[in-house]
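# Secondary and tertiary structure notes
Single-letter residue listing:
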Amino acid sequence: MTTQAQRGEAFASLHHGPGVLVLPNPWDAGSAKMLAHLGFHALATTSAGLAFALGRRDAEGNVSRDEALVNAREIVDATPLPVAADLENGYGDHPEDCAATIRAAAAVGLVGGSIEDASGRPDQPIYPMELAVERIRAAVAAARGLGFPFTLAARAENYLHGRPDLDDTLRRLVAYAEAGADVLYAPGLTTREQIHEVVHAVAPRPVNVLVGSASLKLGLDELAELGVRRVSVGSTLARVALGAFFQSAEALRRGDLEPMSRAMPFDRLNELFRP
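For the structure given in this document, a descriptive report is provided here. Note that the coordinates shown come from a computational prediction; the quantities given were computed from them, not determined experimentally.

Parameters and conventions
- Residues numbered from 1 in each chain as written.
- Predicted model: local features only at pLDDT ≥ 70, side-chain atom pairs only at ≥ 80, totals over all residues.
- Heavy atoms only, no water.
- Helix = DSSP H or I, 4+ residues; strand = E, 2+ residues; numbered from the N terminus.
- Rg over C-alpha atoms; globule rule 2.2 N^0.38 Å.
- Buried < 20%, exposed > 50% of the residue type's maximum accessible area, 1.4 Å probe, protein only.
- Contact = heavy atoms within 4.5 Å.
- Areas by Shrake-Rupley, 256 points an atom, 1.4 Å probe, with all protein chains shown as cover.
- Core = buried A, V, L, I, M, F, W, Y, C linked by side-chain atoms within 4.5 Å.
- Axes fitted to C-alpha atoms, helices over the stretch in contact; angles between N-to-C directions.
- Parallel < 35°, antiparallel > 145°, perpendicular 65-115°, else oblique.
- Left-handed = near helix turned anticlockwise from the far one by under 90°.
- Nonpolar A, V, L, I, M, F, W, Y, C, P; charged D, E, K, R; others polar.
- 1 Å grid on protein atoms, 1.4 Å probe; cavity = no way out; pocket = protein on both sides within 12 Å on 5 of 7 lines; lining within 4 Å.
- Points joined across faces, edges and corners; volume = space filled by probe spheres on them.
- Pairing = 2+ DSSP bridges.
- Expected span 1.5 Å × (residues − 1).
- Polar contact = N/O pair within 3.5 Å; in protein donor to acceptor, adjacent residues only side chain to side chain.

A separate point is the overall build of the chain. Per the secondary structure count, the chain includes 11 helices and eight strands. By the compact-globule yardstick of 19 Å for 275 residues, the chain fits well, its C-alpha radius of gyration being 19 Å. If one aligns the C-alpha atoms of the chain with their principal axes, the spans along those axes are about 55 × 40 × 35 Å. Taken over 275 residues, the chain has a buried fraction of 47%. Restricting the contact set of the chain to residue pairs at least 6 apart, pairs at least 24 apart contribute 68%. Put simply, the chain shows about 13,400 Å² of open surface, and 55% of that area lies on carbon and sulfur atoms.

This is the structure:
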């Protein structure tokens, strides 16, 4: 895959092939290259992974759109794989902000992205339904005007913001599907019943499920049986890497060198980054 159109077509088709599309989330070019080496078919950025790498808190508007897209371009350029991006809430409240973000995402080589209905404001963490739908509709229109397939995922964020309201989540996802979203996504679902309801509510549109959390006990085979078409891991891989770093450094501070002996061998790691 050498052109953006080819990547876009390949990414879109992966949502309708056999099995579940496993979409891991690198946070920089090096992690992207490692994931490509392992044989994954596509990648997606992580807003939290980038925020942590920059030494900032996530979900508080601390990373700008320009910073996120610079990171996305580095990941796009690192491998020939299709890349989608976590575009947060479109970096603005208005539908026009979401449309501008989709066009800017395409300009750095991305072939997919997600727009969420979280406002970033503690007093009203989720956008009102009418505005949330208009935002997705604007993002869809921008995506359709790009001249190549751009897979847009619409995210209903209730469960990540203290609002475990399945009925409202279903209403939102159905409305986002009707507005033209290609993939529907409600991060934070943990039960078979919740996932079943979401899959059937928006069928035949593909559903993404966030995996990697200890609270989700279902494996990939079980998710496939429920009709899930795509899974992603969010910040989990970044937190695994940063957690191992922190634990080893913490041990070093105590004078314990043993955890560092489990590091990936230099030659093996160096070989992964061969041009």
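What follows deals with the nonpolar core. Side chains that are nonpolar tend, in soluble globular proteins, to be buried together. Ile102, Leu110, Tyr176, Ile195 and Val209 are the most contacted members of the largest nonpolar core, which totals 66 residues. The dominant element in this core, judged by the number of residues it contributes, is helix 6 (residues 129-144), at eight residues. In this structure, Tyr176 is in contact with Asp117, Ala132, Val133, Ile136, Ala154, Arg155, Ala156, Ala181 and Leu184, ignoring residues within four places of it in sequence.

Between helix 7 (residues 166-178) and helix 8 (residues 192-202), the least distance of the axes is 9 Å, while the angle of their chain directions is 30 degrees. Relative to helix 8, helix 7 is oriented roughly parallel. Note that helix 7 runs across helix 8; the crossing there is right-handed. Contacts between helix 7 and helix 8 involve Leu166, Leu170, Leu173 and Val174 on the former and, on the latter, Gln194, Glu197, Val198, Ala201 and Val202. Each residue belonging to the contact of helix 7 with helix 8 can be placed in one class, and the counts come to seven nonpolar, one polar and one charged.

Our focus in this paragraph is empty space enclosed by the protein. In the structure shown here, the tally under the stated rule is two cavities of 30 Å³ or more. The volume enclosed by the largest cavity comes to roughly 70 Å³. Contributing to the lining of the largest cavity are 14 residues, with Thr45, Leu50, Ala68, Asp86 and Tyr91 lying nearest its centre. At the level of elements, helix 3 (47-53), helix 4 (65-78) and strand 3 (83-86) are the ones that each hand at least two residues to the lining of the largest cavity. Top contributing element to the lining of the largest cavity by residue count: helix 4, with four residues. Among the residues making up the lining of the largest cavity, the classes are represented as eight nonpolar, four polar and two charged. The computed volume of the second largest cavity comes to approximately 40 Å³. Together, Ala51, Arg57, Asp58, Ala59, Glu60, Gly61, Asn62, Val63 and Glu88 line the second largest cavity.

What follows concerns the sheet that holds strand 4 (residues 112-116). Spatially, eight strands are ordered 1-8-7-6-5-4-3-2 in an open sheet, and the strand pairing comes out parallel. Bordering the open sheet on either side are strand 1 (21-23) and strand 2 (43-44), each of which pairs with just one other strand. Note: strand 6 (residues 183-185) against strand 7 (residues 207-210), two bridges, orientation parallel. Directly across from Tyr185, in strand 7, lies its bridge partner Asn208. Across the sheet, helix 1 (residues 4-14) touches strand 1, strand 3, strand 4, strand 5 (151-155) and strand 8 (230-232), and the angle it forms with strand 1 is around 120 degrees.

Time to look at helix 7. Look at helix 7: 18 Å from first C-alpha to last across 13 residues, which is about the 18 Å you get at 1.5 Å a residue. The N-cap of helix 7, judged by a side-chain oxygen 3.2 Å from the amide nitrogen of Asp167 a few residues on, is Asp165. At the C-terminal side of helix 7, Gly180 shows a positive phi close to 115 degrees.

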